[in-house]
Amino acid sequence: MLPPLGLITVAAILPQAWEFKLVDRNVRNITEAEWAWADLVILSAMIVQKDDLLAIIQEAKRRGKRVACGGPYPTSMPEVPQTAGVDYLILDEGEITLPMFVEAIAKGETSGIFRTQEKPDVTSTPVPRFDLLEFDAYDSMSVQFSRGCPFQCEFCDIIVLYGRKPRTKTPAQLLAELDYLYELGWRRGVFMVDDNFIGNKRNVKLLLEALKIWQQEHEYPFRFNTEASVDLAADQELMDLMMDCYFDAVFLGIETPDEDSLQLTKKFQNTRSSLLEAVEAITKTGLRVMAGFIIGFDGEKSGAGDRIVRFAELTGIPTTTFAMLQALPHTALWHRLEKEGRLRSTNGNLNQTTLMNFVPTRPVEEIAREYVEAFCELYEPNAYLDRVYSYFLKLGAPRVKVPAKLPTLIDLRALAIIVWRQGIKRETRWKFWHHLFSVIKRNPAVWEHYLIVCAHNEHFMEYREIVRTQIEEQLTAYWAEEERVKQLEVKPEKAIAG
Ligand code: B12
Ligand code: SF4
């Protein structure tokens, strides 16, 4: 979906006299020629990419290369890459630690750990090296205006990694990044990867004012998405500005409609007004809501999965990121569970196919069953089509006049796939055509966007089975482990009896 913005930012911070080649392991393998060429292998990873990170470290060491690594996972769990044999651990935000590393290299040091408690001022972050990317591999490009979030959700590691004081770039700095993307020929979506785009509302409005003019002058080459907290709904001026800049979707961390769970997890901003009304206000303005949902909070009552499905149906939210709660390293939740002796593993990885890594307050199999059922229900083809249809009838129309573009070969191929699978092959074909024509008639400005979101289900339908199989496998392993521990506990008694 998106490129590794961290690594291309790292490449921009390092001395520009160095030569760089970038391999995104989400896209392709490293070639023999690339291995032979590299003097130094620089790696970054998120927690879910741990296994691949370790494999590459080992491969690089086997080939006698020096290895440096940093990024969110090594920063959370530095002992893991260290044990795997990396030479340089460059942790925290690269703006501060990379210069320390470059200095160490200049002094001929062959290993080192570079850390800082300080959070850098991102106004000095250079324009990322977008030129290192293979553009065709991605759905959207990424840019980042701010880091950090002012809220205090108990499970969140953003505030651990990037702090609670949102730090923003200057509008001119972000526009320079867009200029570069434009110059390189990018003309599709751009995701503002901020943890909470509206964490500093004053500065984001200044950015949007400038971006509005930039987009007008360049005839709207980019369509933006972002992530924001639910209080976006209370600021109509901000939402209007986003519409004027050609934002079309926003990811909201709804987490759960259960107010007790929201209170317990300290997501107070989601309890201040009605979540249903917030989603409605954002939708009517014209921003498609994507929602993050979580199941498995402490004290959660049975039926949480159903309540999430009902919430999605009531609001019509098409696309969701739904996962079982995970305690990520060093979060407030992780520390609490560790104190209570409830952490089962420190490997929390936030993936949608992962069983929770702690002992919950209700039976784990009940949560897992509700989760898998809810996941499958959300993306059942009939239910999905109806939900997306109801949503797009109320979605506000775009406000900017984007010049018509000829469809590319990629667009035409995607259209052919969706028409074949959803309009001809599948049993829901009549519903598909009915809803499509009805959207074209009743809310014509959004029909293309509607079709794209229908296409998302091609991923989720397959993913449902992956979620089901992997969660069931982990449950089986969980029970086998519980049984093994029980056996170990009863052994001494047996020995005495024997
Ligand atoms: C955009 C994004 C995505 C995108 C694309 C990511 C990509 N291809 O890189 C998508 C939507 C695909 C995605 C998916 C997921 N993501 Co994500 N994502 C982000 C997000 C919002 C922004 C990433 C980004 O571009 N940041 C901007 C750059 C500039 O910052 P940065 O990467 O941190 O880099 C800086 C430093 O970390 C450091 N640095 C980074 N790399 C390196 C390397 C070296 C050598 C050095 C020295 C320094 C260094 O220097 C940089 C400049 O300061 C972050 C949150 C965040 N604030 O970063 C989460 C985040 C990285 N994602 C996270 C997670 C968990 C996931 C998912 C597992 C979610 C899920 N449930 O499925 C999946 C995994 C996908 C996969 N299988 O690969 C976690 C990782 C937690 C962790 N501790 O590892 C984060 C931190 C958010 C969170 N807490 O939930 N994600
Ligand atoms: S609002 Fe989002 S980014 Fe901010 S603390 Fe809560 S979960 Fe983390």
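Each remark here, short or long, concerns the structure printed above.
The structure reproduced in this document is the subject of the present report. Once a new chain begins, its residue numbering starts again from 1 and follows that chain's sequence as written. To read the labels, note that chains go from A and ligands from 1, taken in the order they are written. This being a predicted model, a pLDDT of at least 70 is required before a residue's local features are given, and a value of 80 or more before pairs of side-chain atoms are given or counted; all residues contribute to the totals for chains, interfaces and linings. As a rule here, side-chain values cover all heavy atoms of the structure and leave hydrogens and water aside.

### A closer look at the overall build of the protein chain
Item 1. Each helix and strand in the protein chain was counted, giving 19 helices and 12 strands.
Item 2. Radius of gyration means the value over C-alpha atoms here, while the globule rule gives 2.2 Å times the residue count to the 0.38 power. By the compact-globule yardstick of 23 Å for 498 residues, the protein chain fits well, its C-alpha radius of gyration being 24 Å.
Item 3. Reported as C-alpha extents along the three principal axes, the dimensions of the protein chain are approximately 75 × 65 × 45 Å.
Item 4. By residue count, 52% of the 498 residues in the protein chain fall in the buried class.
Item 5. When checking whether two residues touch, look at their non-hydrogen atoms; a contact exists if any pair is within 4.5 Å. Residue pairs at least 24 apart in sequence account for 74% of intrachain contacts in the protein chain once pairs closer than 6 positions are excluded.
Item 6. For the protein chain, the accessible area works out to roughly 23,500 Å², and carbon and sulfur atoms hold 55% of it.
Item 7. Here the protein chain contributes 58 positively and 70 negatively charged side chains, and the mean placements of these two sets differ by 1 Å. Working definition: helices are DSSP H or I runs of at least four residues, strands are E runs of at least two. Numbering for both runs from the N terminus. Using a 1.4 Å probe on the protein chains alone, a residue whose accessible area is under 20% of its type maximum counts as buried, one over 50% counts as exposed, and one in between counts as partly exposed. The Shrake-Rupley method, run with a 1.4 Å probe sphere, supplies the accessible areas, and residue values consider only the shown protein chains as cover. A positive count includes Lys and Arg, and a negative count includes Asp and Glu. His and the chain ends are not counted in either. For this purpose, a charge sits on NZ of Lys, CZ of Arg, CG of Asp or CD of Glu.

### Some points on the sheet that holds strand β11 (residues 288-295)
Item 1. In short, DSSP must find at least two bridges between two strands for them to pair. Taken in spatial order, the six strands line up as β5-β8-β9-β10-β11-β12 in an open sheet, and their pairing is parallel. Looking at the sheet topology across the chains shown, the edges are occupied by β5 (140-143) and β12 (320-324). Each adjacent strand pair in this sheet contributes to an overall mean axis angle of 20 degrees, direction not counted.
Item 2. Bridging between β11 and β12 involves five bridges; their strand directions are parallel. By the bridge assignment, G292 is partnered in β12 with T321.
Item 3. Working convention: axes come from line fits to C-alpha atoms, limited for helices to the stretch in contact. Angles between N-to-C directions cover 0 to 180 degrees. Each of β11 and β12 is contacted by helix α15 (residues 364-378), which is oriented at about 165 degrees to β12, the strand it contacts most.

### A short note on the pattern of salt bridges
Between side chains of opposite charge, a pair can form as their charged atoms come close.
Item 1. By convention in these notes, a salt bridge is any Lys or Arg side-chain nitrogen within 4 Å of a carboxyl oxygen on Asp or Glu. Evaluated as defined, the whole model comprises 38 salt bridges.
Item 2. Ionic pairing is found between R399 and D240, a salt bridge with its closest N-O pair at 2.8 Å. Placement of R399 in the loop between α16 (381-394) and α17 (409-425) and of D240 in helix α10 (residues 236-244) is noted, with a sequence separation of 159 residues between them.
Item 3. In this structure D240 comes out as partly exposed when scored by relative accessible area, which is 23%.
Item 4. Linking E366 and R362 is a salt bridge whose minimum nitrogen-to-oxygen distance equals 2.7 Å. R362 shares its class with E366; the two are buried.
Item 5. When salt bridges with common partners are traced through the structure, they connect E154, D298, R336, E340 and R342 into a single cluster.

### Details of the packing of aromatic side chains
Item 1. A pair of Phe, Tyr and Trp rings is counted when the ring centres sit within 6.5 Å of each other, with Trp represented by its six-membered ring. The angle between the planes then sorts it: under 30 degrees is stacked, over 60 is edge-to-face, the rest tilted. The full count for this structure, using the stated rule, is 26 aromatic pairs.
Item 2. When the ring of F293 is compared with that of F322, the centres are 6.4 Å apart and the planes differ by 85 degrees; the resulting orientation is edge-to-face. In this pair, F293 sits in strand β11 while F322 sits in strand β12, placing the two residues 29 residues apart along the sequence. Taken as a pair, F293 and F322 share a single burial class, namely buried.
Item 3. Their ring planes at 70 degrees and their centres at 6.0 Å tell us that Y391 and F392 sit as a pair that is edge-to-face. Just as Y391 is buried, F392 falls in that class too.
Item 4. Here the guanidinium or amino end of K21 rests over the ring plane of W37, the centre of that ring lying 4.8 Å away.
Item 5. A cation over a ring is seen here: R387 above Y379, with NZ or CZ 5.8 Å from the ring centre. Whether a charge sits over a ring comes down to the Lys NZ or Arg CZ being within 6 Å of the ring centre and within 35 degrees of the ring normal.

### Focus: the packing of α10 against helix α12 (residues 275-285)
Item 1. Packing of α10 against α12 leaves a shortest axis separation of 10 Å and a crossing angle of 35 degrees. Crossing of α10 over α12 shows right-handed handedness. Contacts between α10 and α12 pair Q236, M239, D240 and M243 from the former with A281, I282 and T285 from the latter.
Item 2. When the residues that make up the contact of α10 with α12 are grouped by side-chain class, the tally is four nonpolar, two polar and one charged. Crossing chirality is assigned from the near helix's rotation relative to the far helix, an anticlockwise turn below a right angle marking it left-handed and a clockwise turn marking it right-handed. By the convention adopted, Pro, Cys, Tyr, Trp, Phe, Met, Ile, Leu, Val and Ala count as nonpolar, Lys, Arg, Asp and Glu as charged, and the other residues, Gly among them, as polar.

### Topic: the nonpolar core
Item 1. Take the buried residues of types Ala, Val, Leu, Ile, Met, Phe, Trp, Tyr and Cys, join any two whose side-chain atoms come within 4.5 Å, and each joined set is a nonpolar core. L178, L181, L211, L232 and F247 are the most contacted members of the largest nonpolar core, which totals 119 residues.
Item 2. With 10 residues, helix α19 (residues 447-497) is the largest single contributor of residues to this core.
Item 3. Segment limits for the domains were obtained from an automatic or database-derived domain assignment. Each of two domains, domain 1 (5-114) and domain 2 (139-394), supplies a minimum of three residues to this core.
Item 4. In this structure, W35, I56, Y73 and L91 belong to the second largest nonpolar core, which totals 20 residues.

### Thoughts on the sheet that holds strand β4 (residues 112-114)
Item 1. One open sheet holds the four strands; their spatial order is β1-β2-β3-β4, and the pairing between them is parallel. Each edge of the open sheet carries a strand with a single partner, namely β1 (40-44) and β4. Neighbour-to-neighbour, the strand axes of the sheet open up by a mean angle of 15 degrees, direction not taken into account.
Item 2. Where strand β2 (residues 66-70) meets strand β3 (residues 88-90), two bridges bridge the pair, whose relative direction is parallel.

### Focus: helix α14 (residues 332-339)
Item 1. Those residues of α14 that fall on the buried side of the exposure criterion are L333, W334 and L337. End-on view of α14: buried residues confined to an arc of 100 degrees, all on one side of the axis.
Item 2. Just downstream of α14, G341 is the residue with a positive phi angle, here 70 degrees. Note: the arc covers the axis-to-C-beta directions of the helix.

### Brief notes about the environment of Y379
Item 1. Tracing the sequence through the fold places Y379 in the loop between α15 and α16.
Item 2. Once the C-alpha coordinates of Y379 and Y463 are considered, the two residues, 84 residues apart in sequence, prove to be 9.3 Å apart.
Item 3. Within the structure, the side chain of Y379 is placed 2.8 Å from the side chain of T320, a separation counted as a polar contact. Polar contact is defined as a pair of N or O atoms within 3.5 Å, subject to the rule that within protein one atom must be able to donate a hydrogen and the other to accept it, and that residues adjacent in sequence are counted only when both atoms are side-chain atoms.

### Regarding the environment of F375
Item 1. Within the secondary structure layout, F375 lies in helix α15.
Item 2. Using a relative accessible area of 0% as the deciding quantity, one classes F375 as buried.
Item 3. Once the C-alpha coordinates of F375 and V309 are considered, the two residues, 66 residues apart in sequence, prove to be 8.3 Å apart.
Item 4. Here F375 is in contact with F322, Q352, F460, Y463, R464 and V467, once residues within four sequence places are set aside.

### Brief notes about the state of the cysteines
When the sulfur atoms of two cysteines share a covalent bond, that bond is a disulfide.
Item 1. In what follows, a disulfide is any cysteine sulfur pair within 2.5 Å. Summed over the entire model, instances satisfying the criterion amount to zero disulfides.
Item 2. Free cysteine: C454, not disulfide-bonded; nearest cysteine sulfur from C376 at 20 Å.

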